[in-house]
Amino acid sequence: MKTSSSLLVTLSLTVRQAQAFPAHLSEAFLQLRGENEARLNSNGLPDCPFAKRQAVGITPPFNAQEQYVSNKGAHAFVAPSSKDLRGPCPGLNAMANHGYLPHNGVGTIDQFISGTMEAFGMGLDLATFLAIYGAVFDGDLTSYSIGGPTPSLLGLGGLLGQPQGLSGSHNKYEGDSSPVHGDLYQYGNNLPRTSQFSALYELGQQNGDSVDIGVLTSYRATRFAESVAQNPYFFYGPFSGIIVSSAAYSFIYRFMANKTAENPEGVLDGETLKSFYAITGDYPNFKVTPGHEKFPDNWYKRNPADYYTIPYLVEDALAMQLQHPELLSVGGNLGKTDSFVGVDPADLTGGVFNAGTLLEGNNAFCFATELVVQAAPDILSGLFKDVTSALNKLTSAVNVATSGLSCPQLTSIDKSKLQQFPGYTRLKSSGQYKA
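Keep in mind the model is a prediction, meaning the values are calculated, not measured.

Rules and cut-offs
Residues numbered from 1 in each chain as written. Predicted model: local features only at pLDDT ≥ 70, side-chain atom pairs only at ≥ 80, totals over all residues. Heavy atoms only, no water. Disulfide = S-S within 2.5 Å. Helix = DSSP H or I, 4+ residues; strand = E, 2+ residues; numbered from the N terminus. Buried < 20%, exposed > 50% of the residue type's maximum accessible area, 1.4 Å probe, protein only. Pairing = 2+ DSSP bridges. Salt bridge = Lys/Arg side-chain N within 4 Å of Asp/Glu carboxyl O.

For the coordinates displayed, the defined rule picks out 1 disulfide. The side chain of Cys-366 participates in a disulfide bridge whose partner is Cys-407; the two sulfur atoms lie 1.9 Å from each other. Judged by the torsion about the S-S bond (-70°), the Cys-366/Cys-407 disulfide is left-handed. Here the residue Cys-366 occupies a position in helix H14 (residues 363-380), and Cys-407 occupies one in the loop between helix H15 (388-402) and helix H16 (422-425), the gap between them amounting to 41 residues. Here Cys-366 falls in the buried class, since its relative accessible area comes to 0%.

Listed below in structure tokens is the structure:
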């Protein structure tokens, strides 16, 4: 995926100014953010340079028959029972409720791949990577739960205990500063908060009843700042922060927006957003019914020619990070609020990545995924008796995901740099904090 020449100019200016990327959230962050915004405005670029990823004048096709996502018949909504698992991802919950994933909330790698493609138009590369990643860190290497632990997987794959599912994947998969779910240390991470939903909904209303990438970018920066100010255990990891957090925000628009002939890139209005987040009632008196997420009536996914792939995610993430450089941080609070400290990428990676190069090309995605591989043996040792199969599966998935991205080769990291963060060190393999 090529980057526009105008954006490359912006990038080169930003990189030269960012060689001493701040090691903590400070005035330097705010200054760098202001400089980026000023350059974007002076160059006549939109607030979010990848709000529309297609080339100028080119929009994706629309084919109603190919893009319609049924919520009738075999795909009619069925509420989960007390035995069915639901978790922090609204899209996966909706898929299970409508039969695009098994209704019990436990799916195989192939079911996650085919389901996300059929229901949302996720690209094969991204669907495969996320499915394998979930099976490695949250399941038994072949399947995983979209919610909490499931006894049906106990003892499989050389596991040391129950796989914890997506709800128990804090810092491994999901992380703090989520759009609608609260931070784990403050609220638990499995229940949406109506106050956060209301904040996002209100921003969409102020934008003409449209939650787009620009709205989500601003809201993501707000949630980051809220976590710094309110969560003493806030931790922003290389994968859960730089990659998964980017996806959590970009997926809302890229996947939930309803595509039409008039708006083939999609419009995400308030009623559609409410359906995907199991919200009823009128603003500001919303009520949430967790696990009851639904596909709206007359809803159309991405066109097969426009499926959302890894290069598109990389572009969306980079656009957000250009406007808000703090979103490239790896670090956290030190046990009290407003104590955020960042780790210098050069110190963490032995100089393979540094603050300047993170804003070049695909390096932020490379940095995050390669750090996962280096950190994986320690994480997986708490999950598997022998980490070899899990590590091989993960490494293979990362290699495929980053093929063609010209990633610098990272062979080791200094994990001691992360020991200062209680949000990292005090987390148990179950995905919960130590008492």
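Pairing in this open sheet of 3 strands is antiparallel, and the strands run S3-S6-S7 from one edge to the other. Sheet topology places strand S3 (235-236) and strand S7 (341-342) at the edges, where each strand pairs with a single neighbour. By the bridge criterion, 2 bridges tie strand S6 (residues 331-332) to S7 in an arrangement that is antiparallel. Across the sheet, the residue bridging to Gly-331 is Gly-342, located in S7.

Within the structure shown, the criterion is met by 7 salt bridges. We note a salt bridge from Asp-306 to Arg-302, for which the minimum N-O separation is 3.1 Å. Lys-415 serves as the salt-bridge partner of Asp-378, at 3.0 Å between the closest nitrogen and oxygen. One end of the pair, Asp-378, is in helix H14; the other, Lys-415, is in the loop between H15 and H16, with 37 residues separating them in the sequence. Judged by its relative accessible area of 46%, Asp-378 falls in the partly exposed class. Given a relative accessible area of 25%, Lys-415 falls into the partly exposed group. Through salt bridges with shared partners, a single network forms among Asp-183, Arg-223 and Glu-226.

These figures capture arrangement, not role.
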